[in-house]
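Listed here are the chains, written in short residue letters.
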Protein chains: 2
Amino acid sequence: MKEVWKGNIVHAPRLKELEVLEGGYLVLEDGIICGVYQNLPEEYRDLPCRDHGNRLILQSFADMHLHAPQYPMLGMGMDLPLLDWLQTYTFVTEARFADTEYARNVYSALARELIDNGTTRVCMFSSLHTDATWVLMEELEKAGVTGYVGKVNMDRNGLPGVLQETAEESVSETLRWLEGCHFQHIKPILTPRFTPSCSDALMAALGDLARERGLYVQSHLSENTGEIQLVGQLHPDCREYWETYEKYGLWKDHTLMAHCVHSSPRERQAMKDAGVVAVHCADSNVNICSGICQVRQLLDEGVWVVLGSDIAGGAQLPMNQVITASIRASKTRRIMDGSDFLTVAEGYYLGTTAGHRYFGAGAGFAPGDALHALVVDDSDMPQAAAELNPVQRLERLLYRMQPHHIREVWSQGRCVHSRDE
Amino acid sequence: MKEVWKGNIVHAPRLKELEVLEGGYLVLEDGIICGVYQNLPEEYRDLPCRDHGNRLILQSFADMHLHAPQYPMLGMGMDLPLLDWLQTYTFVTEARFADTEYARNVYSALARELIDNGTTRVCMFSSLHTDATWVLMEELEKAGVTGYVGKVNMDRNGLPGVLQETAEESVSETLRWLEGCHFQHIKPILTPRFTPSCSDALMAALGDLARERGLYVQSHLSENTGEIQLVGQLHPDCREYWETYEKYGLWKDHTLMAHCVHSSPRERQAMKDAGVVAVHCADSNVNICSGICQVRQLLDEGVWVVLGSDIAGGAQLPMNQVITASIRASKTRRIMDGSDFLTVAEGYYLGTTAGHRYFGAGAGFAPGDALHALVVDDSDMPQAAAELNPVQRLERLLYRMQPHHIREVWSQGRCVHSRDE
């Protein structure tokens, strides 16, 4: 069925440029975008039209790095150094997901909160538990979240006997997990936790699997200096961290690498050359004192940058807050070294289009793409001194949006959440 | 009337130490605290007891620096350099408050949002408009907010003819304003905007007024380097910024100075010697790229530090977010120079007790003080991996609290907001 939406459309087809259609038109056919227009073309004038009035029609968000089993510890343990944080909270919390009933309870709440906050696409870490990972995929699918989920691989430096596999278990469980992934909108992605967690044998097996089955890969890279040192000790034959992934065929097109806070010029060049995607996790980097990522430099050099909430190193699940955290981090870098900060337009692009492209989408609301969109009502915000334009309203929403402002969430062409019903 | 509350009490009597009474008791007489106890003393056992069950009883927040007339521009203009931001947004927005009806509309919403988010004490800038300032004081009083409000003084570097007074007008309007301040819980505070906005004659008149009437003073200090240079040019006889206030009798006990980002050791010593209070505004300092305040240094040197949202340079009105923004800023400083970051306990102290002390309150829930408290229900937060203690719950609330979690707000011994009714 074809239909027309009328409303205030703001999308981000390019990094530095918002496209604004005040009182514009979005034409849909069965949830697929036919086009966006300031003036409705003749051919569409007889179609049924939904008038969204003064509401904004925005792109939905893509959260490209987060740890689902850390959701129960969101906003806690922030005073601890990284290793204590891992032992006291993270591994203990992740170990609970051996219990699929607990997993069901937590993951259904997480999926709901993602949708409530307008996140419709994700690349997500599960725990190492195969069954709980299926539960996670099911719950995301049910709530209307789309994207990739990975069962974590981890055969060293975990909690032996509690949260750690052997290399053989890790590979056989990964195969079993892949067999059971029959979800429409949630696909598997290979997920070696990070180099310190995976033996050479495991990395090699995962690299083979990635190649044989054409699977994407997600992991962590150059998050903090201690980690980088450790990786150097584990792989004395590798000059830089990224080479420990490259050695086993895991450094390739669409490989997602979270953080990249301390990546050298050579590492950044290797990312660009291979088509590796950097997931900037600003809040997490500050909370656990990893460093302030040089996002401007990555962008200027042509690296593909996307954003992640990285819960629970990050304490903010809503992507509008992740976007403003990224802007704030870039202003911190400006204070430190004078580099240009991320503008609101750039932040919006990174939290939307840059992520959606990972899944094959085009630029902004692109013809042929399934709709990923939010209908937003900001009428309860304080009365401004003068009439606001849609760009000002977008900025205010990125800084201040709460779930009740999001009236409808559209994911893969379907309305998955509505507060008006 | 005497009564007993039972619940999970967490308060901050000292900077580095939370006091936790799990299933503890708070005894009140007509809204005045008689004491907090882990075990209820014999003498109170026959009093009526309100059992708050598993809820938390927390201190309410004190927002020690914010600009009420900038509330309509909250979360906007963040990409602009300071001077454009002032011209495009701030001064234009503040000028609207010549209209008292507009002021009523905006200020009633602001007062409500403060209470909804648990802020019961404030030190606040109004605009230069006398009538709108009374409206602000009235609306705060009506909503249950207590504290100080200042009509702004500004006779240069504003918008001449639109948002600027002559020195004579500024003084006579200040006198007229003071005459009309008959509010029970909202008191006047003298408010020269900052040195660049006030002629020598005006500063001198305000200094006289402060001395004659025993009034407190609030202003800005050493926020950014351009401002400091300008102040140096305006007052070539002063070695440092603070001396421009000291010269006119405005640098004295309880003088609130917002920012202090670039204060020298000598300026910090002068603060300590005079009893001047530093208002740390972390979010604002990052948003407008002022710098990262060395809060740890101020604290170590014994300067009295409190927190401010500084809307609309700050984009976050809820003080729990201001507290976590302060923690994050301190972690940024740790990344920069290795200094110790603010712990959750310290952040909670700075956002509560440190501010409440300005109004004569004691340490934490102190006997003899009127109750300023929140009753908080976090039962809808994700199920943790293990039972949480009250300190973990406090941390999670500081990072993630939303208005609906705050079930009751008590201000100056009165319940001013309840979601259970």
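Model, not experiment: these values are computed from the prediction. (Residues numbered from 1 in each chain as written. Chains lettered and ligands numbered in written order. Predicted model: local features only at pLDDT ≥ 70, side-chain atom pairs only at ≥ 80, totals over all residues. Heavy atoms only, no water.)

Peer 1: Sorry if this is basic, but what is going on with the overall build of chain A here?
Peer 2: What chain A contains, in helices and strands, is 14 helices and 17 strands. Structurally, chain A occupies a C-alpha span of about 65 × 50 × 40 Å along its principal axes. With 421 residues in all, chain A has 67% of them scored as buried. The contacts in chain A between residues at least 6 apart in sequence include a share of 73% that link residues at least 24 apart. For chain A, the exposed area adds up to about 14300 Å²; of that, 48% sits on carbon and sulfur atoms. Here chain A contributes 37 positively and 56 negatively charged side chains, and the mean placements of these two sets differ by 3 Å. (Helix = DSSP H or I, 4+ residues; strand = E, 2+ residues; numbered from the N terminus. Buried < 20%, exposed > 50% of the residue type's maximum accessible area, 1.4 Å probe, protein only. Contact = heavy atoms within 4.5 Å. Areas by Shrake-Rupley, 256 points an atom, 1.4 Å probe, with all protein chains shown as cover. Lys, Arg positive; Asp, Glu negative; His and termini not counted. Charge placed at Lys NZ, Arg CZ, Asp CG, Glu CD.)

Peer 1: Please clarify how the interface of chain A and chain B should be interpreted in this entry.
Peer 2: Where interface size is given, it is often the accessible area lost as the parts come together that is meant. Taken together, the contacts link 46 residues of chain A with 46 residues of chain B. Carbon and sulfur atoms make up 55% of the area that chain A and chain B hide from each other, which totals about 4100 Å². Counting across the interface, chain A meets chain B through 4 salt bridges. For Asp283(A), the salt bridge identified is with Arg328(B), shortest N-O distance 2.6 Å. Where chain A packs against chain B, one counts 30 residue pairs in polar contact (both at pLDDT 80 or more). Contributions of two or more residues to the side of chain A that touches chain B are made by helix H1 (82–95), helix H2 (100–116), helix H9 (282–287), helix H11 (319–337) and helix H14 (390–400) of chain A. Top contributing element to the side of chain A that touches chain B by residue count: H11(A), with 6 residues. A per-class count over the side of chain A that touches chain B returns 23 nonpolar, 13 polar and 10 charged. (Buried area = accessible area lost by both parts, 1.4 Å probe. Salt bridge = Lys/Arg side-chain N within 4 Å of Asp/Glu carboxyl O. Polar contact = N/O pair within 3.5 Å; in protein donor to acceptor, adjacent residues only side chain to side chain. Nonpolar A, V, L, I, M, F, W, Y, C, P; charged D, E, K, R; others polar.)

Peer 1: What's the story with the packing of helix H3 (residues 130–143) of chain B against helix H4 (residues 167–179) of chain B in this structure? I'm lost.
Peer 2: How two helices pack is summed up by the angle between their axes together with the distance between the axes. Residue and element names in this part refer to chain B. As a packed pair, H3 and H4 sit with axes 10 Å apart at the nearest point and diverge in direction by 30°. Regarding the angle of H3 to H4, the classification is roughly parallel. The two elements H3 and H4 meet at a crossing, and its hand is right-handed. Where H3 approaches H4, its residues Thr 130, Asp 131, Thr 133, Trp 134 and Met 137 are matched on the opposing element by Glu 173, Arg 176 and Trp 177. (Axes fitted to C-alpha atoms, helices over the stretch in contact; angles between N-to-C directions. Parallel < 35°, antiparallel > 145°, perpendicular 65-115°, else oblique. Left-handed = near helix turned anticlockwise from the far one by under 90°.)

Peer 1: Sorry, what's going on with the relation of the copies chain A and chain B here?
Peer 2: For the pair of chain copies, the relating transformation is a rotation about an axis with a translation along it. Note on the identical chains: chain A maps onto chain B by a rotation of 180° and an axial translation of 0.0 Å, with an RMSD of 0.0 Å. A rotation of that kind, with that shift, is consistent with a two-fold axis. Residue by residue, 100% of the interface of chain A is reproduced at the interface of chain B, so both copies engage with the same surface. (Least-squares fit on C-alpha atoms with pLDDT ≥ 70 in both.)

Peer 1: Any chance you could explain the domain arrangement of chain A here in plain terms?
Peer 2: Residues and elements named next belong to chain A. As assigned here, chain A comprises domain 1 (2–59 + 363–418) and domain 2 (61–351). Spacing between the C-alpha centres of domain 1 and domain 2 amounts to 30 Å. Each partner contributes to the interface: domain 1 provides 27 residues, whereas domain 2 provides 26 residues. Ranking the residues of domain 1 by area buried against domain 2 places Leu 15, Leu 398 and Tyr 399 at the top, with a combined share of 32%. (Domains from an automatic or database assignment.)

Peer 1: Honestly, the pairing of strand E1 (residues 2–14) of chain B in this entry has me stumped. Any pointers?
Peer 2: Side chains on a regular strand alternate between the two faces of the sheet. All names here are of chain B. Taking burial as the measure, the 13 residues of E1 include 10 buried ones, the bulk of the element. Taken together, the 10 bridges between E1 and strand E2 (residues 17–29) define a ladder with antiparallel strand orientation. Pairing of Val 10 across the sheet is with Val 20, part of E2. The antiparallel hairpin formed by E1 and E2 contains 2 residues in its connecting segment. In this sheet, strand E4 (residues 49–59) lies alongside E1 in parallel orientation, the contact comprising 6 bridges. (Pairing = 2+ DSSP bridges.)

Peer 1: Can you help me understand H1(A) in this one?
Peer 2: Residue pairs spaced three or four apart in an α-helix point in one direction, given the helix's 3.6 residues per turn. In the structure, H1(A) departs most strongly from a straight axis at Thr88(A), where the bend amounts to approximately 25°. Those residues of H1(A) not exposed but buried are Trp85(A), Leu86(A), Tyr89(A), Thr90(A), Phe91(A), Thr93(A), Glu94(A) and Ala95(A). (Bend = angle between axes of the 7 residues up to and from the residue.)

Peer 1: Looking at this structure, how should I read the sheet that holds strand E15 (residues 373–376) of chain A?
Peer 2: Adjacent strands of a sheet form backbone hydrogen bonds with each other and so pair up, either parallel or antiparallel. Residues and elements named next belong to chain A. Here 7 strands make up an open sheet; going across it, the order is E3-E2-E1-E4-E15-E16-E17 and the pairing mixed. Edge positions in the sheet fall to strand E3 (32–37) and strand E17 (414–418), since each of these pairs with one other strand and no more. The mean inter-strand angle of the sheet, taken between neighbouring strand axes irrespective of direction, is 35°. As paired elements, strand E4 (residues 49–59) and E15 share 4 bridges and run antiparallel to each other. Bridging from a neighbouring strand, Leu 56 pairs with Val 376 of E15. Along the sheet, helix H12 (residues 344–351) contacts strand E1 (2–14), strand E2 (17–29) and E4; its crossing angle with E1, the most-contacted strand, is approximately 115°.

Peer 1: Whenever I open this one, the sheet that holds strand E11 (residues 218–221) of chain B confuses me. Can you help?
Peer 2: All names here are of chain B. Spatially, 4 strands are ordered E11-E12-E13-E14 in an open sheet, and the strand pairing comes out parallel. Both outer strands of the open sheet, E11 and strand E14 (304–307), are each paired with one neighbouring strand and no more. The sheet shows a mean angle of 35° between the axes of neighbouring strands, direction not considered. The pairing of E11 with strand E12 (residues 256–259) spans 4 bridges and is classified as parallel. Residue pairing across strands places His 220 opposite Ala 258, the latter belonging to E12.

Peer 1: Please explain the environment of Val261(B) as it appears in this structure.
Peer 2: Residues and elements named next belong to chain B. Within the fold, Val 261 resides in the loop between E12 and helix H8 (265–274). For the pair Val 261 and Ala 373, spaced 112 residues apart in sequence, the C-alpha separation works out to 30 Å. Those residues within four positions of Val 261 in sequence are excluded, and the remaining contacts are Leu 221, Ser 222, Glu 223, Asn 285, Ser 290, Gly 291, Ile 292 and Cys 293.

Peer 1: I would appreciate a short explanation of the state of the cysteines in the present structure.
Peer 2: A covalent bond between the sulfur atoms of two cysteines is referred to as a disulfide. All names here are of chain B. Under the counting rule described, the total for this entry stands at 0 disulfides over all chains. In this structure Cys 34 is not part of a disulfide, and its nearest cysteine sulfur, from Cys 49, lies 14 Å away. Using a relative accessible area of 22% as the deciding quantity, one classes Cys 34 as partly exposed. Cysteine Cys 181 is unpaired, with the sulfur of Cys 123 as its nearest cysteine sulfur at 14 Å. (Disulfide = S-S within 2.5 Å.)

Peer 1: What exactly am I supposed to notice about unusual backbone geometry here?
Peer 2: If a residue is not glycine, its phi is most likely negative; likewise, a peptide bond is most likely trans. Residue and element names in this part refer to chain A. The peptide bond linking Ile 311 to Ala 312 adopts the cis configuration, its omega dihedral lying at 10°. If you check the backbone angles, Ser 222 has positive phi at about 45° while not being a glycine. Assignment of secondary structure puts Ser 222 in the loop between strand E11 (218–221) and helix H6 (225–234). Given the relative accessible area of 2%, Ser 222 is considered buried. A positive phi angle is found at Cys 289, which is not glycine, with a value near 55°. Turning to its location among the elements, Cys 289 is positioned in the loop between H9 and helix H10 (295–300).

Peer 1: Can you walk me through the side chain of Ser290(B) in this structure?
Peer 2: Summarising the element assignment, Ser290(B) is placed in the loop between helix H9 (282–287) and helix H10 (295–300). Of the residues examined, Ser290(B) reaches a relative accessible area of 7% and is grouped as buried. Ignoring sequence-local partners within four residues, the contact set of Ser290(B) consists of Ile335(A), Glu223(B), Asn224(B), Val261(B), His262(B) and Asn285(B).

Peer 1: Quick question: what am I supposed to make of the pattern of salt bridges here?
Peer 2: Note that side chains of opposite charge can pair when their charged atoms are close. All names here are of chain A. The tally for this structure, following the rule as stated, stands at 47 salt bridges over all chains. Among the salt bridges present, the one from Glu 408 reaches Arg 50, with a minimum N-O distance of 2.6 Å. Linking Glu 408 in strand E16 (residues 406–411) with Arg 50 in strand E4, this pair joins segments that are 358 residues apart in sequence. Residues Lys 151 and Glu 165 are paired through a salt bridge, measuring 2.6 Å at the closest nitrogen-oxygen approach. One end of the pair, Lys 151, is in the loop between strand E7 (146–150) and strand E8 (152–153); the other, Glu 165, is in the loop between E8 and helix H4 (167–179), and 14 residues separate them in sequence. Each member of the pair, Lys 151 as well as Glu 165, carries the same accessibility label: buried. Taken together, the shared-partner salt bridges in this structure form one network comprising Arg 104, Glu 138, Glu 139 and Lys 142.

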